[in-house]
Amino acid sequence: MESADSGSLRSLRELNRGRVIDALRGRGTASRAEIARATGLSRSTVSSIVSDLIEAGLLAEGAEATGVAHGESGGRPPVLLSLNPSAGLAVGVDFGHTHLRVAVSDLSHEVLAETWRELDVDHSAEEGLDAAAELVHQVLNEAKVGRKAVIGVGMGVPGPINRATGAVGSSSILPGWVGVNASAELEQRLGLPVHVENDANLGALAEFVWGSGRGHRNIVYIKLSSGVGAGLLFGGRLHQGAGGTAGEIGHTPAMNGTAICRCGSRGCLETVASARAIAEQVGVSRGEPVTTKELLELTAAADAAATRLIGEAGREIGVALAGLCNLLNPDCVIIGGDLSAAGELITEPALESIRRYAISSAAEQVTVVPGVLGDRAELLGALALVLQAPDGVLGSGPPQEVAA
Ligand SMILES: [Zn+2]
């Protein structure tokens, strides 16, 4: 459960950095002594963290906002510190299969402006990336901030990303994006550094930072929307795998799967447990097409077909998760994406399957909960990706639970 000492120290320091930033965010300006009082941290800890943050360009001292302040500052009258807003804006871009969302946040993760539009992302990468660039300019205008203030752009794509090339990794999953280096393309359009990540990984990151995964270290996040994907976050870090395609759980065989899948296989989990597949089946029962939104309304109204199919999907997901629990021993499974709205109707049967098919020690240690960030999870994850990038400027780390 506990990470190694060095890991604990690092997270403690990250946590403390977050506290210092929070204290400043609440006050606008504060002296080191005020920050120490507000956070309960020692003055030497505060001084050391403040020095780091100034060096990283995240804090400014007094009126000399651009001055460099190295070294000891003993004996001087209290100097007021403030967050340097021009150092910490992040942009998040989330491509879903049917939508595009964009937001800008400051370095304290506060969202300043956000917008979205419907878009058939599968269709063409070119079109999607052009639209993303346009929406980025729109949110920056809305937030009244310049492009120069942006330290990076996080982008989520609903498909595997090849780590080595940065290209979308599978021709069958996002057909319109074959071989497209999405981050390079968006960088070219924006003139800003772009970090790209698979959408389920971003969902995992967001739930870890702000949502159901807070306080957990070993998380499996299952995104159930048009497709089915998983984000694996272990020891507080995303697991991407050798080539970046870790988490493609949607294309593993389902127990009762028979339909042909868009990947070319038959009976993939996605063909029985994605929102799209379930909506299609409910449509058959009703004799008319059903959208995902209608599916969720029918589920909330206890429609027989919708409830049955959601329960079956939960059981199938649980079978796949049982294998994952045996292999990876997570402490928290989060059901995200469109179907997170089904709550216990999907988490209960999933947990039942885990208890039935996983070894009991692994099954006993895991909780299965719906995600709480809804359709903004991937967007928030894209922001977190920038704010936490190892080479990024912030590094305040996720606001983890404070140990007693
Ligand atoms: Zn498949």
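This section reports on the structure supplied with the text.

Thresholds applied
Residues numbered from 1 in each chain as written. Predicted model: local features only at pLDDT ≥ 70, side-chain atom pairs only at ≥ 80, totals over all residues. Heavy atoms only, no water. Donors = N, O, S within 2.8 Å, 3.2 Å for Na, K, Ca; no water. Tetrahedral: all angles 85-135°; square planar, octahedral: opposite > 155°, others 65-115°. Buried < 20%, exposed > 50% of the residue type's maximum accessible area, 1.4 Å probe, protein only. Axes fitted to C-alpha atoms, helices over the stretch in contact; angles between N-to-C directions. Helix = DSSP H or I, 4+ residues; strand = E, 2+ residues; numbered from the N terminus. Left-handed = near helix turned anticlockwise from the far one by under 90°. Contact = heavy atoms within 4.5 Å. Nonpolar A, V, L, I, M, F, W, Y, C, P; charged D, E, K, R; others polar. Salt bridge = Lys/Arg side-chain N within 4 Å of Asp/Glu carboxyl O. Pairing = 2+ DSSP bridges.

**Side note on the coordination of the zinc ion**
Reference values for coordination geometry: four tetrahedral donors around a metal ideally subtend 109.5 degrees, six octahedral donors ideally subtend 90 or 180 degrees.
(1) Moving on: In this structure, His251 (ND1), Cys261 (SG), Cys263 (SG) and Cys268 (SG) serve as the protein donors to the zinc ion, at separations of 2.0 to 2.3 Å.
(2) Moving on: Of note is the zinc ion, whose four donor atoms meet at the metal with angles of 105 to 123 degrees in an arrangement that counts as tetrahedral.
(3) Moving on: Sequence spacing of the donors to the zinc ion: H-x9-C-x1-C-x4-C. Accessibility assignment for this pair places Cys261 and Cys268 in one class, buried.

**Quick notes on the packing of helix 8 (residues 275-286) against helix 10 (residues 304-328)**
The relative placement of two packed helices comes down to the angle between their axes together with the axis-to-axis distance.
(1) Moving on: The interhelical angle for the contact between helix 8 and helix 10, taken along N-to-C directions, is 150 degrees, at an axis separation of 9 Å. Along this stretch, helix 8 crosses helix 10, giving a crossing that reads as right-handed. In this structure, helix 8 uses Ile278, Gln281, Val282 and Ser285 to contact helix 10, whose residues at the interface are Ala305, Ala306, Leu309, Ile310 and Ala313.
(2) Moving on: Residues belonging to the contact of helix 8 with helix 10 are distributed by class as follows: seven nonpolar, two polar and no charged.

**Side note on unusual backbone geometry**
(1) Moving on: Non-glycine residue Lys144 carries a positive phi angle of around 55 degrees.
(2) Moving on: With respect to the helices, strands and loops of the structure, Lys144 is situated in the loop between helix 4 (125-142) and strand 7 (150-157).
(3) Moving on: Positive phi values are uncommon outside glycine, yet Asn329 reaches one of about 55 degrees.
(4) Moving on: Within the secondary structure layout, Asn329 lies in the loop between helix 10 and strand 12 (332-336).
(5) Moving on: Residue class for Asn329 comes out partly exposed when judged on its relative accessible area of 38%.

**Some thoughts on the pattern of salt bridges**
(1) Moving on: Under the defined criterion, the tally for this structure stands at twelve salt bridges.
(2) Moving on: Where Asp130 meets Arg189, a salt bridge forms, and the shortest distance between an N and an O atom there is 2.7 Å. Here the residue Asp130 occupies a position in helix 4, and Arg189 occupies one in helix 5 (residues 182-190), the gap between them amounting to 59 residues.
(3) Moving on: Under the relative-accessibility criterion, Asp130 is labelled partly exposed at 38%.
(4) Moving on: The salt bridge involving Glu270 is made with Arg262; its shortest N-O contact spans 2.5 Å.

**Observations concerning the environment of Gly250**
(1) Moving on: In this structure, Gly250 sits in the loop between strand 11 (237-238) and helix 7 (270-273).
(2) Moving on: In this structure Gly250 comes out as buried when scored by relative accessible area, which is 0%.
(3) Moving on: Along the chain, Gly250 and Cys261 lie eleven residues apart, while their C-alpha atoms are 9.9 Å from each other.
(4) Moving on: Not counting chain neighbours up to four residues away, the residues in contact with Gly250 comprise Val228, Cys268, Leu269 and Glu270.

**Observations regarding the sheet that holds strand 9 (residues 218-224)**
The strands making up a sheet are joined through hydrogen bonds of the backbone, oriented either antiparallel or parallel.
(1) Moving on: Spatial ordering of the open sheet is given by 11-10-9-12-13, a layout of five strands whose pairing is mixed. Each of the sheet's edge strands pairs with one partner strand only, and the pair in question is strand 11 and strand 13 (367-370).
(2) Moving on: Across four bridges, the pairing between strand 12 and strand 13 is parallel. Its bridge partner lying in strand 13, Cys332 is registered against Thr367.
(3) Moving on: Against the sheet, helix 10 contacts strand 9, strand 10 (228-234) and strand 12, and its axis sits at roughly 160 degrees relative to strand 9.

**Details of the pairing of strand 8 (residues 194-198)**
(1) Moving on: The buried count for strand 8 comes to four of five residues, which makes it a mostly enclosed element.
(2) Moving on: Bridge count for strand 7 against strand 8 is five bridges, and the pairing is parallel. Bridging across to strand 8, Gly156 finds its partner in Glu197.

**Topic: the sheet that holds strand 1 (residues 29-30)**
(1) Moving on: Spatially, the three strands line up as an open sheet ordered 1-3-2, and their pairing is antiparallel. Lying at the two open borders of the sheet, with one neighbouring strand each, are strand 1 and strand 2 (59-61).
(2) Moving on: Note that strand 1 and strand 3 (residues 81-83) share two bridges and pair antiparallel. Considered in strand 3, the bridge of Thr29 is made with Ser82.

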